[in-house]
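Understanding the architecture of this molecule
The residues making up each chain are set out below.
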Amino acid sequence: MTTSAERINVLIAGAGPVGLVSALLLLCNSLSVRIITKETKFRTGYQGPGIQPRTLELYRFLGILDDVWAGSGPHQTIHEYTSPDNGDPPVIIWNDPELKSQVNKPHLEPRLIGQVDHEAILRACLSRDYGCQAEPGTELVSYEQQLGRYWSISIC
């Protein structure tokens with residue numbers, strides 16, 4: 001958390017996956033950030049159930065892939081079952097051929113993780129690696145550009 005006298009490079013309003021990953025990208029490029037969110041508690045529930053392969057590549061670049069990998073799981077094979085009366089074995093309708101990773105595509109499969117768990121991992125990485133914490137219950141009320149470059153920001 002920053003004090004009012006401390007200058008920050010970027011204010012991020014919103015502590016969802018996009019805001020948290022944006023903070024990680026900025027911090028790893030030596031910019032200071034402050035993350036605020038008007039919700040008084042971090043989100044619960046599950047939205048956005050997966051992380052796509054290209055996002056996993058970004059997480060590797062940011063140095064948090066091991067954390068995300070440990071907190072997520074592989075996609076599930078979907079089975080279509082035949083009628084139990086006819087005795088046939090289940091018919092698998094999603095059985096991808098074995099794919100080989102390549103230099104330009106090291107991750108071929110999405111990882112499954114609920115948004116609440118995804119955000120918790122991102123917050124933990126921000127705190128551990130950069131000492132940065134999202135501030136719940138802090139709302140961006142208004143902002144106004146002044147002198148072409150500086151902004152006047154009202155936060156409560």
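Everything discussed here concerns the structure shown above.
Described below are features of the structure shown in this document. (Residues numbered from 1 in each chain as written. Predicted model: local features only at pLDDT ≥ 70, side-chain atom pairs only at ≥ 80, totals over all residues. Heavy atoms only, no water.)

**Quick word on the overall build of the chain**
Looking only at helices and strands, the chain features four helices and 10 strands. Each helix and strand of the chain, ordered N terminal to C terminal, gives the series β-α-β-β-α-α-β-β-β-β-α-β-β-β. Buried residues in the chain amount to 28% of all 156 residues. Looking at the chain alone, contacts between residues at least 24 apart form 64% of all its contacts between residues at least 6 apart. Roughly 10400 Å² of accessible area belongs to the chain as shown, and the carbon and sulfur atoms make up 53% of that amount. (Helix = DSSP H or I, 4+ residues; strand = E, 2+ residues; numbered from the N terminus. Buried < 20%, exposed > 50% of the residue type's maximum accessible area, 1.4 Å probe, protein only. Contact = heavy atoms within 4.5 Å. Areas by Shrake-Rupley, 256 points an atom, 1.4 Å probe, with all protein chains shown as cover.)

**Some thoughts on the packing of helix H1 (residues 17-27) against helix H4 (residues 115-130)**
Think of two packed helices as two axes; the pair is described by the angle between the axes and how far apart they sit. Their axes nearest at 10 Å, the elements H1 and H4 cross at an angle of 25°. Between H1 and H4, the crossing angle belongs to the class labelled roughly parallel. Like other packed secondary-structure pairs, H1 and H4 cross with a definite hand, here left-handed. In contact with Pro17, Leu20, Val21, Ala23, Leu24 and Leu27 of H1, H4 contributes Gln115, His118, Glu119, Leu122, Arg123, Leu126 and Tyr130. (Axes fitted to C-alpha atoms, helices over the stretch in contact; angles between N-to-C directions. Parallel < 35°, antiparallel > 145°, perpendicular 65-115°, else oblique. Left-handed = near helix turned anticlockwise from the far one by under 90°.)

**Concerning the sheet that holds strand E7 (residues 111-112)**
To summarise the sheet geometry, strands pair through backbone hydrogen bonds and adopt either a parallel or an antiparallel arrangement. Spatial strand order, E3-E7-E4: three strands in an open sheet with antiparallel pairing. Two strands lie at the open edges of the sheet, namely strand E3 (50-51) and strand E4 (73-74), each paired on one side alone. Across two bridges, E4 lies against E7 in antiparallel orientation. Pairing of Pro74 across the sheet is with Arg111, part of E7. (Pairing = 2+ DSSP bridges.)

**Remarks on the pairing of strand E1 (residues 10-13)**
By the bridge criterion, four bridges tie E1 to strand E2 (residues 33-37) in an arrangement that is parallel. Among the inter-strand pairings, Ile12 is bridged to a residue of E2, identified as Ile35. For the segment spanning E1, H1 and E2, crossover handedness is right-handed. (Right-handed = clockwise from strand over helix to strand, strands pointing away.)

**Considering the packing of aromatic side chains**
Going through the model one piece at a time under the given rule, you end up with zero aromatic pairs. Positioned above the aromatic ring of Trp69 is the side chain of Arg111, whose terminal nitrogen or guanidinium carbon lies 3.9 Å from the ring centre. (Phe/Tyr/Trp six-rings, centres within 6.5 Å; stacked < 30°, edge-to-face > 60°. Lys NZ or Arg CZ within 6 Å of the ring centre and 35° of its normal.)

**Topic: the sheet that holds E2**
Spatial ordering of the open sheet is given by E1-E2-E8, a layout of three strands whose pairing is parallel. The two strands at the open ends of the sheet, each matched to only one other strand, are E1 and strand E8 (134-136). Averaged over all adjacent pairs, the angle separating strand axes in this sheet is 25°, with direction ignored.

**With respect to H1**
The set of residues buried in H1 consists of Gly19, Leu20, Val21, Ala23, Leu24 and Leu27. The secondary structure elements touched by the buried residues of H1 are E1, E2, helix H2 (53-62) and H4.

**Remarks on unusual backbone geometry**
In this model, Ser30 sits at a positive phi of 65°, which is unusual for a non-glycine residue. Assignment of secondary structure puts Ser30 in the loop between H1 and E2. Residue class for Ser30 comes out exposed when judged on its relative accessible area of 69%.

**With respect to the packing of H1 against H2**
Closest axis-to-axis distance for the H1/H2 pair is 11 Å, and the angle between their directions is 40°. As judged from the angle between their axes, H1 and H2 are oblique. Taken as a pair, H1 and H2 cross one another with a handedness that is left-handed. In this structure, H1 contributes Val21, Leu24 and Leu25 to the contact, and H2 contributes Leu58, Tyr59, Phe61 and Leu62. Classifying every residue of the contact of H1 with H2 by side-chain character gives seven nonpolar, no polar and no charged. (Nonpolar A, V, L, I, M, F, W, Y, C, P; charged D, E, K, R; others polar.)

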